[in-house]
Amino acid sequence: MLTANGTTIVMDSAGSQITIIDNATEAVTFNAPIGDQPFDIALSPDGATAWAAMRNFGFVQAVDTATGIARPVIRIGNARRLVMSPHGTKLLVFLDPQAEVQPNTHAFLVVDTASGLVQAVIDAQLDEPITGVFGASDTQAFILNCGAECGGTASSVVSVDFSTANPVFSPNVPVQGATVGLLNGTILYVAGTGGTLPAPTGPSAACPLSRCGALTAVNTAAFTAGPAVPITDGLHETMALTSTGKLYVGAGACSVETDAATGNVRGCLSIFNTNTSTTTFPEESSFRQNFNVTSLQPINGRNVIYVVQGGALDIFDTNTDALETGITPVDIIGNAVAAVQIDP
């Protein structure tokens, strides 16, 4: 789910449509049909245009949220992940790293949202690029190279300047895993697994778990990377920073572990305290069958964050990094996937 300027869009993972919701009335305005099942969505900052990546048919398509009418498809093979620029002029399209139809290893694409024209960005410094994080403008983005985790060679971050006709690349900054990122001021937090920080002989200071991923802070001013911080392994696809300086990092398909002392299970959530540089690995009940973290939503004006993990909604206190004891848990009917705050 994504929300902007009073409009929320929801990706339908079981059909070929995008659901459009009016935040003021909390009602569905359109179930907009698109060309195929969407694998990712993006929303313009003004909430006027929704975009969908349809990997199987090789389409990217826009939908007018005011009318529910889909625009003609843009043919992009294996489109898997979309990233909208902060002012809505550019849409970055990243290809499925598992696809063999196109040379994905050194390329991503840029869609001009006004004209629909597509520019392929190809450079040897790209190594299975999987996503990007824009700065404050539409002319600079930090591209995350998935590297070995996606079948390539090495994980890294590279800055791309779009202010000229031919994008200009910075030197690569190596990191120990890069599948999701979050920019806070001049610090870009990057997380991934990619075979990083293993503990083949058991937990150690480098990896306190049976197997670890890595969180790295990249200084975008000096363009240097700090030391890797061990987090859970798995595929990291969601990250959120709270007002208390806690960076929540969620993964799927991680290596879960049972705490012999408590009987609880450490799942796929890592919490890094940016103030003290310490990491917490919350534990959940062993009755849960799924520990994948699929959504993180800090709540404005309160020290809580909504964490969707294992199909359930958990509310964490961002001071204690534990479940909020003063709030009655919300029992979600069905399998929860995402949470989004629609009010400012």
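Fair warning: this is a prediction, and the values are worked out from it, not measured in the lab.

Participant: Tell me about the overall build of the protein chain, and please be specific about residues and values.
Facilitator: In terms of helices and strands, the protein chain carries zero helices and 33 strands. A globule of 344 residues ought to have a C-alpha radius of gyration of about 20 Å, and the protein chain, at 20 Å, matches this closely. Based on the C-alpha atoms only, the size of the protein chain along its principal axes is roughly 60 × 50 × 35 Å. Averaging the locations of the 11 positively and 28 negatively charged side chains of the protein chain gives two centres separated by 3 Å.

Participant: Any chance you could break down the layout of surface pockets for me, citing the residues and the numbers?
Facilitator: Size it by volume and the second largest pocket reaches roughly 220 Å³. Along the walls of the second largest pocket sit 14 residues, with Arg81, Pro97, Ile130, Cys150 and Leu235 positioned nearest its centre. Among the secondary structure elements, those contributing two or more residues to the lining of the second largest pocket are β9 (79-84), β10 (90-95) and β23 (235-241). Of the residues assigned to the lining of the second largest pocket, the class counts are seven nonpolar, one polar and six charged.

Participant: An account of the nonpolar core is needed here, citing residue identities and associated values.
Facilitator: Inside soluble globular proteins, nonpolar side chains tend to come together where they are buried. Ranked by internal contacts, the top residues of the largest apolar core, which has 15 residues, are Trp51, Val60, Ile76, Leu82, Leu91, Val93 and Val111. Of all the elements in the fold, those that place two or more residues in this core are β6 (49-54), β7 (59-64), β9, β10 and β11 (107-112). Ignoring sequence-local partners within four residues, the contact set of Val111 consists of Trp51, Ile74, Ile76, Thr89, Lys90, Leu91, Val93, Gly116, Leu117 and Val118.

Participant: Can you explain the packing of aromatic side chains? Please cite residues and give values.
Facilitator: On inspection of all chains with the given rule, the structure shows six aromatic pairs. Consider the rings of Phe57 and Phe59, whose centres lie 6.1 Å apart with planes at 90 degrees: the pair is edge-to-face. Residue classification places Phe57 among the exposed residues on the basis of a relative accessible area of 51%. Here Phe59 falls in the buried class, since its relative accessible area comes to 11%. Three or more aromatic residues joined by ring pairs make a cluster, and in this case those are Phe94, Phe108, Phe134 and Phe162.

Participant: Help me get a handle on the sheet that holds strand β4 (residues 27-33), residues and values and all.
Facilitator: In space, the four strands of this open sheet follow the order β1-β2-β3-β4, with antiparallel pairing throughout. Each end of this open sheet is capped by a strand with a single partner; those strands are β1 (2-4) and β4. Strand after strand, the sheet turns through a mean of 20 degrees between neighbouring axes, direction not considered.

Participant: Any chance you could break down the state of the cysteines for me, citing the residues and the numbers?
Facilitator: Under the defined criterion, the tally for this structure stands at three disulfides. Across the disulfide from Cys146 sits Cys150; the S-S distance is 2.0 Å. Around the S-S axis, the bridge from Cys146 to Cys150 shows a dihedral of about 75 degrees and counts as right-handed. Looking at the protein chain, its bonded cysteines, counted consecutively from the start of the sequence, adopt the pairing 1-2, 3-4, 5-6.

Participant: Report on the pattern of salt bridges, specifying residues and quantitative values.
Facilitator: Pairs can form between side chains of opposite charge whenever their charged atoms are close. Going through the model one piece at a time under the given rule, you end up with seven salt bridges. Here Arg288 makes a salt bridge to Glu284, at a shortest N to O gap of 3.9 Å. On the accessibility criterion, Glu284 (5% relative accessible area) is buried. Where salt bridges share partners, they join Glu284, Arg288 and Asp314 into one cluster.

Participant: Let's hear about the side chain of Ser155: which residues, and what values?
Facilitator: Position of Ser155 among the secondary structure elements: in the loop between β14 (140-145) and β15 (156-161). Within the local environment of Ser155, its side chain forms a polar contact with the backbone oxygen of Cys146, the two atoms lying 2.9 Å apart.

Participant: Outline the pairing of β7, listing residues and values.
Facilitator: With respect to burial, β7 is a largely interior element, five of its six residues being buried. For β6 and β7, the ladder comprises six bridges, and the chain directions are antiparallel. Paired with Trp51 across the two strands is Ala62, which belongs to β7. Between β6 and β7, which pair antiparallel and follow one another directly, the connecting turn spans four residues, one of which, Gly58, has a positive phi of 75 degrees. As paired elements, β7 and strand β8 (residues 74-75) share two bridges and run antiparallel to each other. Across the sheet, residue Phe59 finds its bridge partner in β8, namely Arg75.

About the criteria used
Numbers given for residues are sequential positions, taken from 1 along each chain in its written order. With the structure being a predicted model, the display of local features is reserved for residues of pLDDT at least 70 and the display and counting of side-chain atom pairs for 80 or more, all residues being used for whole-chain, interface and lining totals. Values reported for side chains reflect all heavy atoms of the structure, with hydrogen atoms and water molecules removed beforehand. Secondary structure elements follow DSSP: runs of H or I no shorter than four residues count as helices, runs of E no shorter than two count as strands, and numbering proceeds from the N terminus. Radius of gyration: C-alpha atoms only; globule rule: 2.2 Å multiplied by the number of residues to the exponent 0.38. By the counting scheme adopted, Arg and Lys are positive, Glu and Asp are negative, and His together with the chain ends is not counted. By convention, the charge on Lys lies at NZ, on Arg at CZ, on Asp at CG and on Glu at CD. The pocket and cavity definitions rest on a 1 Å grid over protein atoms only: a 1.4 Å probe that fits but cannot leave marks a cavity, an open set with protein on both sides within 12 Å along at least five of seven lines marks a pocket, and residues lining either have an atom within 4 Å of a point. Grid points are joined across faces, edges and corners, and a volume is the space filled by probe spheres set on the points. In this classification, the charged set is Asp, Glu, Lys and Arg, the nonpolar set is Ala, Val, Leu, Ile, Met, Phe, Trp, Tyr, Cys and Pro, and all remaining amino acids, among them Gly, are polar. Here, the term nonpolar core denotes a set of buried Ala, Val, Leu, Ile, Met, Phe, Trp, Tyr and Cys residues that are joined through side-chain atoms within 4.5 Å. Throughout, exposure labels follow a simple rule: accessible area from a 1.4 Å probe, protein chains only, divided by the maximum for the residue type, with under 20% read as buried, over 50% as exposed, and the rest as partly exposed. Contacts are assigned to residue pairs that have any heavy atoms within 4.5 Å of one another. Put simply, two rings from Phe, Tyr or Trp (the six-membered ring, in Trp's case) pair if the centres are within 6.5 Å, and we call them stacked under 30 degrees between planes, edge-to-face over 60, tilted for the rest. Any two strands between which DSSP finds at least two bridges are classified as paired. For helices, the fitted axis covers only the stretch in contact; all axes are lines through C-alpha atoms, and the angles between them, taken along N-to-C directions, range from 0 to 180 degrees. By convention in this document, the label disulfide applies to cysteine sulfur atom pairs within 2.5 Å. When a carboxyl oxygen of Asp or Glu is within 4 Å of a side-chain nitrogen of Lys or Arg, the pair counts as a salt bridge. Any pair of N or O atoms that falls within 3.5 Å is considered a polar contact. Within protein, one atom must be able to donate a hydrogen and the other to accept it, and sequence-neighbouring residues count only if both atoms are side-chain atoms.

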